Structures are given as structure tokens and as C-alpha cells.
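# Summary of the model geometry
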Amino acid sequence: MHISELPREILMYIFRWVVSSELDMRALQQLSLVCRGFYICARDPEIWHSACSRVWGRNCTKIAPFKSWREMFLQRPRVRFDGVYISKTSYIRQGEASLDGFYRAWHHIEYYRYLRFFSDGHVVMVTSPDDPLSVVPRLRTKNVRMESVLHGHYRLSQETDNQTKVFAVVCKKKEEKATEFQKNRFCRRNQSPEVEHNFHVGLHLSSGGRQSLSKLSWIHHSCHITYKLSGETIITAFDLDSMYQPFIFAPVKSYTAFSIQPL
């Protein structure tokens, strides 16, 4: 049969697959340009309400002060899932003196930090000297196979001064630690105490460049070291100097090219 003869419930289910779990609202807007019927379906409040619930969770119960769920999703500050946040850091480091002592080498250090947010509250953080062309395609899913990858969860916080902040806690997967322990289980020397490293990150969401609310600036970064045997936790806070450049959002079309599950 023609697609126009399908029941509205089936059409709305197809539209939820178009949006997908990555909240690809841009594809939904393009679909609404097909015809008047698709335009009406794309403006359905239930779809936009579900999208808002995915982003803000239990904090999304009232429409006010917005006029509709669609207006809330488009105007309320949030992190985006259809791309990656990238921070580039570069600096000059003085090297060792030469053997004759006449000159001293200088090294140009450059590396990147990547943040990839998912709609279920999961976040992936990677620090690597590799450029975005080689790293960004590997961040399409949560199963990132890189040595420096950190996994964790995040939450959005709406402050009283109308500022939106993102707080995340990331760490390495436990499977990697278990593998390392298996390699050293036959070693006779005393094992080092088992510790767990958790990194706490605080970011401020603001506008940068042409895109609105596409900039994440550092406001906090600390490492929590917990000794499992004694339960003692040591907290080390890092100074936010020039080494902590802000994250800028970069959209990636391949992240939303395929739908894994519907909205």
C-alpha cells in the first residue's frame, strides 16, 4: 500500500526510528519537508516530549516557561549527541642541552581531548596525540578500543544564575585491570595495593563561534584515588591553566547515519 494509507501509529513508530536514540532531530526536520502529513507528524508533541525526557530525565516534567516541548528542546541548553566535543592543546617545551652545550632543543607538543556524550547518560573521554580524522570515527559507539579511553556518566545542572554546567565522572574499564592482574598473578614479589582512579570533570556550557551553546569550558578537574584494601580516598585537584583549552563541538554525520534503536 501507499505510505499515506498507513495508520498514524505506524507512521509515528517510523518517525521514532528516524530520530533514533541519538536524537537526530535534524533528520526529523528534513522529513517534515516531504509533505503536509509528514510535517504534522514531525510536530507531534509526544516525539518532542520523549526527546526532552532523554536529555533532562526526571527534571523534565513541566513545559513552562516554554510554549511547547519542541521549543524546550531547541532553546534549553543541553549537550549534543550527533557529534563530538574536541579540545586542542599545544605548547613549547624546552628539551635537554646538547653535548657541546651551545644550544638547547625545543619541542612543540600537541595533543587533543575528545568528549562524546550519549543520550543514556554515558560519556567517553579520550586524550590522544592523534588528529580528529583518525580518532572521531572510532567514537561512534561506546565500545572504543583505545588505551587512553575513559568511560563514565554525566549529568546536567541548571544553576540559579541560569548557567548550565556538565559534571562527569570517568575511569578506565575494570576489564583492563583484571587482565593486568592475570598477567602478574604468578609473580612472587609483593603485589602493589589495588587502587581505583576516578576523574571528576566539571564543564560550563556556553556559546562559541557560529553555533549556539557549542562550547564547554573547564571549571573543575580532579583525580580521586581509592585504595580498595583500606577504603581510603585521596583527592588531587588540578590547576586549570592554559593546558585546559575549552571543548568545541563538531557535528559528525556518520554518528546518525544508522539507527540502532528508536526513540
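Up top is the structure these notes are about.
Keep in mind it's a predicted model, so treat the numbers as computed, not measured.

## A look at the layout of surface pockets
- Empty space within the second largest pocket amounts to approximately 380 Å³.
- Along its surface, the second largest pocket is lined by 20 residues, and D24, M25, R26, R80 and D82 are the ones closest to its centre.
- Secondary structure elements with two or more residues in the lining of the second largest pocket: α2 (25-31) and α5 (69-75).
- At five residues, the largest contribution of residues to the lining of the second largest pocket is made by α2.
- Its residues assigned to classes, the lining of the second largest pocket shows nine nonpolar, three polar and eight charged.

## Here's the deal with empty space enclosed by the protein
- Under the counting rule described, the total for this entry stands at one cavity of 30 Å³ or more.
- In this structure, the largest cavity spans a volume of roughly 50 Å³.
- As for the largest cavity, its lining consists of L115, F117, V123, M125, V166, A168, V201 and L203.

## Notes on the side chain of S222
- Within the secondary structure, S222 is located in strand β7 (residues 211-227).
- A relative accessible area of 2% places S222 in the buried class.
- Excluding anything up to four places from it in sequence, S222 contacts N198, F199, H200, I235, T236, A237 and F238.

## Focus on helix α1 (residues 8-19)
- Here α1 contains twelve residues, and its C-alpha end-to-end distance of 16 Å stays within 8% of the 16 Å for a straight helix at 1.5 Å per residue.
- Among the residues of α1, L11, M12, F15, R16 and V19 are the ones counted as buried. Projected down its long axis, α1 carries its buried residues within an arc of 145°, all on one side.
- Of the surrounding elements, those touching the buried residues of α1 are α2, α3 (36-42) and α4 (45-56).
- Following α1 by one or two positions, S20 adopts a phi angle in the positive range, close to 65°.

## Let's talk about the pairing of strand β3 (residues 122-128)
- A large share of β3 lies buried, amounting to six of its seven residues.
- In this structure, β3 lies alongside strand β4 (residues 149-158), joined through five bridges in antiparallel fashion. Across the sheet, V124 pairs through a bridge with H151, a residue of β4.

## Thoughts on the pairing of strand β5 (residues 164-171)
- Across the two faces of β5 the burial differs, with T164, V166, A168 and V170 buried and K165, F167, V169 and C171 not buried at all.
- Where β4 lies against β5, eight bridges are found, and the strand directions are antiparallel. Pairing of S157 across the sheet is with K165, part of β5.

## Concerning the packing of aromatic side chains
- In the structure shown here, the tally under the stated rule is eight aromatic pairs.
- Ring geometry for F117 versus Y154: centroids 4.9 Å apart, planes at 75°, classification edge-to-face. On the criterion of sequence distance, the pair formed by F117 in strand β2 (residues 104-117) and Y154 in strand β4 is long-range, its members being 37 residues apart.
- Taking relative accessible area as the criterion, F117 reaches 1% and is therefore assigned buried.

The rules behind the values
Residues numbered from 1 in each chain as written. Predicted model: local features only at pLDDT ≥ 70, side-chain atom pairs only at ≥ 80, totals over all residues. Heavy atoms only, no water. 1 Å grid on protein atoms, 1.4 Å probe; cavity = no way out; pocket = protein on both sides within 12 Å on 5 of 7 lines; lining within 4 Å. Points joined across faces, edges and corners; volume = space filled by probe spheres on them. Helix = DSSP H or I, 4+ residues; strand = E, 2+ residues; numbered from the N terminus. Nonpolar A, V, L, I, M, F, W, Y, C, P; charged D, E, K, R; others polar. Buried < 20%, exposed > 50% of the residue type's maximum accessible area, 1.4 Å probe, protein only. Contact = heavy atoms within 4.5 Å. Expected span 1.5 Å × (residues − 1). Arc of directions from axis to C-beta. Pairing = 2+ DSSP bridges. Phe/Tyr/Trp six-rings, centres within 6.5 Å; stacked < 30°, edge-to-face > 60°.

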